[in-house]
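Residue-level structural notes
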There are 2 protein chains.
Amino acid sequence: MSVPKRVDHEERRRAIAEALWRIACARGLDGASLRDVAAEAGISLGQLQHYFSSKDEMLVFALKYLGGLAEERIRARLLGFAGPPSPRDVLRETVMEMLPLDDASRTGNLVQIAYFVRALHDERLREHAKEGVPALRAFFADQVRAGIARGEVDSSRAPEAEAMLLIALTDGLTTYLLLEACGPEEAAALLDGHLDRLFTP
Amino acid sequence: MSVPKRVDHEERRRAIAEALWRIACARGLDGASLRDVAAEAGISLGQLQHYFSSKDEMLVFALKYLGGLAEERIRARLLGFAGPPSPRDVLRETVMEMLPLDDASRTGNLVQIAYFVRALHDERLREHAKEGVPALRAFFADQVRAGIARGEVDSSRAPEAEAMLLIALTDGLTTYLLLEACGPEEAAALLDGHLDRLFTP
DNA sequence: GCTTTTCCAAGTCAGTTGTATTGAGAATAA
DNA sequence: TTATTCTCAATACAACTGACTTGGAAAAGC
């Protein structure tokens, strides 16, 4: 009846997605044609089309894959702490992991921005691009609430507002890091300064 | 000898740039072909090429024109104050004018972002995209310094850092306003909250 | 009047795009 | 073995891209 697959479809799709990122990082998402991606992945156009029936499908897959990897990286970083990290540690390390402070992270952010821009004009992608924001905001707000409960954050602070403020700050810092209008150390200092005023001893 | 121009070249170029914005806002900068722009401007492709010898030249002109208009809008808004505006007023009104809070401003921001992404991969555009940042930062820092001098801002605040923080916040808020992950009122409230803690009575 | 310059419409060009089709090779199940 | 399904390379295709050329119309200077 059903013939066992000889190749791992998901593995192939991931390899193609990674090739797409490399192109998107260097030349932008719109500059990545199917032929370019296939060449970068070392396969033929026909083979690529065998794994993705349309360009849109490839883009969506690559975006979800990217988001999954980022989430995993943050989780691993938080688990790297010896003891249970404080709310401030969680916020700081999460933001630091999201910022484009090294080359690998820079690539991820460039791809993410390429998706963001396309999402502004593309119905299908917009859903995928937006879906992560509320979850992140709720996560940050929970940390602020925990900080208040531990007496580390003034109780007059509104957790939801502080969360959104932090997300916006992260995003803005990302922009200017990518433009090289501000350096990594400065970005880290700005983040720490902001957290210093949120977490009053 | 020299025959007077029968049409105002700059006026034509501005009209073409505005057509480009309309397309870039709706479909992105990469989705704007010369034929599309010409059609949107109500002229032929040949005519458009008569005013811009290359697509790149058109893009750069439209970007500089956009920046000039934004600066002018901010200047006009600040002049609209009855008396001399306080440093806090200047910061608040400037940021509010930069945020995509209405449809016109939304268009401008969408175009600006389209340029930003292209600048990440395009040598020529990068210079034009970066050149405004230091000036804006210095302007914000001056306002913070004035706030300190008037005793409205705690003297422990570092003007340059606060300026960059405010720029990054503006940028982040812009992103989430465009994605409709946060509403105009909320963005204004977040900005005011941030300024509240910067300007301590 | 005539010449010169500006202006602009139509068409051509080579190149690239995403998609569709065709058919051959390979591996498994019967 | 034979039949079936998976895998994938090659090609074709219509649409679109930016750049370029040609030719003529309109207005100003002589």
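Structure: see above.
Residues numbered from 1 in each chain as written. Chains lettered and ligands numbered in written order. Predicted model: local features only at pLDDT ≥ 70, side-chain atom pairs only at ≥ 80, totals over all residues. Heavy atoms only, no water.

Description of the overall build of chain A
The cut-off we apply is this: What counts as a helix is a DSSP run of H or I of at least four residues, what counts as a strand is a run of E of at least two, and both are numbered from the N terminus. Buried means the residue's accessible area, taken with a 1.4 Å probe over protein chains only, is under 20% of the maximum for its type, while exposed means over 50%, and partly exposed covers the values in between. By definition, residues are in contact when any of their heavy atoms lie within 4.5 Å. For every accessible area listed, the method is Shrake-Rupley and the probe measures 1.4 Å; residues are considered covered only by the protein chains on display.
Along chain A, the regular secondary structure elements total ten helices and zero strands. Secondary structure elements of chain A occur, N-terminal to C-terminal, as α-α-α-α-α-α-α-α-α-α. If you line up chain A on its principal axes, its C-alpha atoms span 65 × 45 × 35 Å. Counting all 201 residues of chain A, 45% fall into the buried class. Across chain A, the fraction of contacts at a sequence separation of at least 24, relative to all contacts at a separation of at least 6, is 64%. Total accessible area on chain A stands at roughly 9900 Å², and carbon and sulfur atoms take up 52% of it.

Digging into the side chain of Thr174 of chain A
All names here are of chain A. Tracing the sequence through the fold places Thr174 in helix H9 (residues 159-178). Residue class for Thr174 comes out buried when judged on its relative accessible area of 7%. With near-sequence residues (within four places) excluded, Thr174 lies in contact with Leu99, Pro100 and Asn109.

Some remarks on helix H1 (residues 9-27) of chain B
Convention followed: Expected span of a helix: the number of residues minus one, times 1.5 Å.
Counted at 1.5 Å a residue, the expected span for H1 of chain B with its 19 residues is 27 Å, and the 27 Å between its end C-alpha atoms agrees. For H1 of chain B, the complete set of buried residues consists of Arg13, Ile16, Ala17, Ala19, Leu20, Trp21, Ile23, Ala24 and Cys25 of chain B. Elements that come into contact with the buried residues of H1 of chain B comprise helix H6 (103-121) of chain A together with helix H2 (34-41), helix H3 (45-51), helix H4 (55-79) and helix H6 (103-121) of chain B. Positioned one or two residues after H1 of chain B, Gly28 of chain B has a phi angle of 90 degrees, which is positive.

Topic: the environment of Ala189 of chain A
Relative to the assigned elements, Ala189 of chain A resides in helix H10 (residues 184-198). Remark: the alpha-carbon pair of Ala189 of chain A and Leu66 of chain A, spanning 123 residues in sequence, is separated by 27 Å.

Some details on the nonpolar core
Applied cut-off: Buried residues of nine kinds, namely Ala, Val, Leu, Ile, Met, Phe, Trp, Tyr and Cys, make up a nonpolar core once their side-chain atoms join them within 4.5 Å.
Ranked by size, the top nonpolar core spans 54 residues in total, and within it Leu166 of chain A together with Leu166 of chain B carry the most contacts. Residue assignment for this core shows that the elements contributing at least two residues are helix H5 (87-98), helix H8 (132-149), H9 and H10 of chain A together with helix H5 (87-98), helix H8 (132-149), helix H9 (159-178) and helix H10 (184-198) of chain B. In this view, Leu166 of chain A contacts Leu91, Val95, Phe140, Leu191, His194 and Leu195 of chain A; residues no more than four positions away in its chain are not counted.

Examining the interface of chain B and chain A
Test applied: Values labelled buried area give the accessible surface lost by two parts on being combined, using a 1.4 Å probe and summing over both. By definition here, a salt bridge exists when the distance from a side-chain nitrogen of Lys or Arg to a carboxyl oxygen of Asp or Glu is within 4 Å. Polar contact is the term for a pair of N or O atoms within 3.5 Å; when the atoms are in protein, one must be able to donate a hydrogen and the other to accept it, and sequence-neighboring residues count only if both atoms are side-chain atoms. The classification used treats Ala, Val, Leu, Ile, Met, Phe, Trp, Tyr, Cys and Pro as nonpolar, Asp, Glu, Lys and Arg as charged, and all other residues, Gly among them, as polar.
Facing 36 residues of chain B, the contacting portion of chain A comprises 37 residues. Here chain B meets chain A over a buried area of about 3500 Å², counting both sides, of which 70% is carbon and sulfur. Counting the surface chain B buries against chain A, the share from its top three residues, His121, Tyr176 and Leu179 of chain B, is 18%. With a shortest N-O distance of 2.8 Å, Arg197 of chain B and Glu162 of chain A are connected by a salt bridge. Counting across the chain B and chain A interface gives ten residue pairs in polar contact (both at pLDDT 80 or more). Mapped by element, the contributors of at least two residues to the side of chain B that touches chain A are H1, H6, H8, H9 and H10 of chain B. In terms of residues, the side of chain B that touches chain A owes the most to one element, H9 of chain B, which gives 13 residues. Among the residues making up the side of chain B that touches chain A, the classes are represented as 22 nonpolar, four polar and ten charged.

A few points about the relation of the copies chain B and chain A
These two copies of the chain differ by a rotation about an axis and a displacement along the same axis. Quick reminder of the rule: The copies were overlaid with a least-squares fit restricted to C-alpha atoms from residues scoring a pLDDT of at least 70 in each copy.
When chain B is brought onto chain A, the operation consists of a screw motion whose angular component is 180 degrees and whose axial shift is 0.0 Å, with 0.1 Å RMSD remaining. On this basis, the relationship between the two copies can be described by a two-fold rotation axis. In this assembly, 100% of the residues forming the interface of chain B have copies in chain A that are likewise at the interface, indicating an isologous arrangement.

Some points on the packing of helix H1 (residues 9-27) of chain A against helix H2 (residues 34-41) of chain A
Residue and element names in this part refer to chain A. For the record, the criterion: Axis definition: a line fit to C-alpha positions, over the contact stretch in the case of helices; interaxial angles, taken between N-to-C directions, run 0 to 180 degrees. Less than a right angle of anticlockwise turn of the near helix away from the far helix marks a crossing as left-handed, whereas a clockwise turn marks it as right-handed.
Running from amino to carboxyl end, H1 crosses H2 at an angle of 115 degrees, the nearest separation of the two axes being 8 Å. Considering the relative orientation of H1 and H2, their crossing is right-handed. Contacts from Ile16, Ala19, Leu20, Arg22, Ile23 and Arg27 in H1 reach Asp36, Val37, Glu40 and Ala41 in H2. Taken together, the residues of the contact of H1 with H2 sort by class into six nonpolar, no polar and four charged.

Looking at unusual backbone geometry
One non-glycine residue, Glu180 of chain A, lies in positive phi territory at about 60 degrees. Turning to its location among the elements, Glu180 of chain A is positioned in the loop between H9 and H10.

Quick look at H8 of chain A
Our working rule: Note that the arc is computed from the directions linking the helix axis to the C-beta atoms.
The terminal C-alpha atoms of H8 of chain A lie 26 Å apart, and with 18 residues this matches the ideal 26 Å at 1.5 Å per residue to within 8%. Looking only at H8 of chain A, the buried set comprises Val133, Arg137, Phe140, Ala141, Gln143, Val144 and Gly147 of chain A. For H8 of chain A, the angular spread of buried residues about the axis comes to 155 degrees, placing them on one side. Away from its buried face by more than 90 degrees, H8 of chain A exposes Pro134, Ala135 and Ala149 of chain A. On its buried face, H8 of chain A sits against H5, helix H7 (123-130), H9 and H10 of chain A together with H9 and H10 of chain B.

Looking at the pattern of salt bridges
Under the counting rule described, the total for this entry stands at 41 salt bridges over all chains. A salt bridge links Arg13 of chain A to Glu57 of chain A; its shortest N-O distance comes to 3.5 Å. Pair noted here: Arg13 of chain A is in helix H1 and Glu57 of chain A is in helix H4 (residues 55-79), with a separation of 44 residues, a long-range link. For Arg13 of chain A, a relative accessible area of 14% corresponds to the buried category. Arg77 of chain B serves as the salt-bridge partner of Glu97 of chain B, at 2.8 Å between the closest nitrogen and oxygen. Taken together, the residues span a long stretch of sequence, with Glu97 of chain B in helix H5 and Arg77 of chain B in helix H4 at a distance of 20 residues. For Glu97 of chain B, a relative accessible area of 14% translates into the label buried.

Shape descriptors only; they carry no functional weight alone.
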